Amino acid sequence: MNLTRGMRRAGFAAAGLMLLLLLTAGVYFAAHYNPAPLSAAEITTEVDVLNDEAAVQGPHFKFADTDLRRRHLALFTKVERGEVVSDSDAMQYRLLYQDILYGQQSFFLRFDKELKVLTDVGMSDSNNVGGKGIAGSHDHHDASARANYADLRAQLDLVAGTSSSAASIYHGLLAYKDTRDIIFHLAPAAHSKSVPYVAPTAAPRDTLDTLFETMLREYKLAQFEPLNSP
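Residues numbered from 1 in each chain as written. Predicted model: local features only at pLDDT ≥ 70, side-chain atom pairs only at ≥ 80, totals over all residues. Heavy atoms only, no water.

Asker: Describe the overall build of the protein chain, and please don't skip the residues or the numbers.
Answerer: The helix and strand inventory of the protein chain stands at nine helices and two strands. Reading the protein chain from its N end, one meets helices and strands in the order α-α-α-α-α-α-β-β-α-α-α. Across the 230 residues that make up the protein chain, the buried fraction comes to 33%. Across the protein chain, contacts joining residues at least 24 apart in sequence account for 71% of those joining residues at least 6 apart. A total accessible area of about 13900 Å² is found for the protein chain, and carbon and sulfur atoms account for 63% of it. (Helix = DSSP H or I, 4+ residues; strand = E, 2+ residues; numbered from the N terminus. Buried < 20%, exposed > 50% of the residue type's maximum accessible area, 1.4 Å probe, protein only. Contact = heavy atoms within 4.5 Å. Areas by Shrake-Rupley, 256 points an atom, 1.4 Å probe, with all protein chains shown as cover.)

As structure tokens, this is what we get:
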């Protein structure tokens, strides 16, 4: 028993050492790596890939129950091919999609501490599936994206306020993660059950605030448009 415990502790220590070495190497590499900024076209391509991964590839193939996908294969494949989906099919799809996301909620929470689970949102507002509100406890994409954006701003402030290259890299990586997480919240939002956009109570502080809220509002408008429409 003592031998087993000792081996386990040694294993944990070895894993910790390996992680520390990898982090140190990563920080050193990042401090000496200065690539050219991405072009607008490269950023657009990356955003398109992230949107497709978050909205379709993940929910349809990684998270959807095999039997659920089999029973609704024609509908799922229509969305995957990029075909415009009728209003009635879109309503059915968005309800199925909402259940898929709900089933993975605890999994998503492991990777994004800004994910906001809210209960019975907008129950007096018309939703995009012919009813009212979002009943139950679900990741509310708007609140989650806004939380990620708030953390993004905080990380950028920390980057600007430090003279340490290691700290700058660390906070820069967290800011980059927040940027991706915003897309991971909003891309599936257009496919799921929801209620209309609600503007923030505070006015935008600057151009970045305005850009974020404009993007959020456009994703919200997409929730009420036919799936895969222009």
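The discussion continues.
Asker: An account of helix H2 (residues 40-63) is needed here, citing residue identities and associated values.
Answerer: At Gln-57, H2 shows its maximal bend, which comes to roughly 50 degrees, and the proline Pro-59 appears one to four places after that position. Looking only at H2, the buried set comprises Leu-50, Asn-51, Ala-54, Ala-55, Val-56, Gly-58, Pro-59 and His-60. (Bend = angle between axes of the 7 residues up to and from the residue.)

Asker: Provide a residue-level description of the environment of Arg-153, including the pertinent values.
Answerer: Structurally, Arg-153 is set in helix H7 (residues 141-160). Overall, Arg-153 belongs to the buried group, its relative accessible area being 16%. In this structure the C-alpha to C-alpha distance between Arg-153 and Ala-175, which are 22 residues apart in sequence, comes to 7.6 Å. Discounting chain neighbours no more than four positions away, the residues touching Arg-153 are Arg-205, Asp-206, Leu-208 and Asp-209. Looking at Arg-153, its side chain comes within polar contact range of the side chain of Tyr-149, at 2.9 Å. Within the structure, Arg-153 has its side chain in polar contact with the side chain of Asp-206 (distance 2.7 Å). (Polar contact = N/O pair within 3.5 Å; in protein donor to acceptor, adjacent residues only side chain to side chain.)

Asker: Quick one: what's the story with the nonpolar core, residue by residue and with numbers?
Answerer: Judged by nonpolar contacts, the single largest core of 28 residues is most densely connected at Val-85, Tyr-93, Ile-182, Leu-186 and Phe-212. Those elements that place two or more of their residues in this core are H2, helix H4 (73-80), helix H5 (87-103), H7, helix H8 (165-189) and helix H9 (207-222). Considering each element in turn, this core owes the most residues, six residues, to H5. Setting aside chain neighbours within four positions, we find Leu-186 in contact with His-141, Ala-145, Met-215, Leu-216 and Tyr-219. (Core = buried A, V, L, I, M, F, W, Y, C linked by side-chain atoms within 4.5 Å.)

Asker: Any details on H4? Residues and values, ideally.
Answerer: Those residues of H4 that fall on the buried side of the exposure criterion are Leu-75, Phe-76, Thr-77 and Val-79. Elements that come into contact with the buried residues of H4 comprise H2, helix H3 (66-71) and H5. Looking one or two places after H4, you find Gly-82, whose phi comes out positive at around 85 degrees.

Asker: Explain the packing of H7 against H9 residue by residue, including any values.
Answerer: Two elements in contact, H7 and H9, have axes separated by 11 Å at closest approach and are oriented at 160 degrees. As summarised for this structure, H7 and H9 are arranged roughly antiparallel, according to the angle between their axes. Both H7 and H9 take part in a crossing whose hand is right-handed. In this structure, H7 contributes Asp-142, Ala-145, Arg-146, Tyr-149, Arg-153 and Leu-156 to the contact, and H9 contributes Leu-208, Asp-209, Phe-212, Glu-213, Leu-216 and Lys-220. The class makeup of the residues in the contact of H7 with H9 is six nonpolar, no polar and six charged. (Axes fitted to C-alpha atoms, helices over the stretch in contact; angles between N-to-C directions. Parallel < 35°, antiparallel > 145°, perpendicular 65-115°, else oblique. Left-handed = near helix turned anticlockwise from the far one by under 90°. Nonpolar A, V, L, I, M, F, W, Y, C, P; charged D, E, K, R; others polar.)

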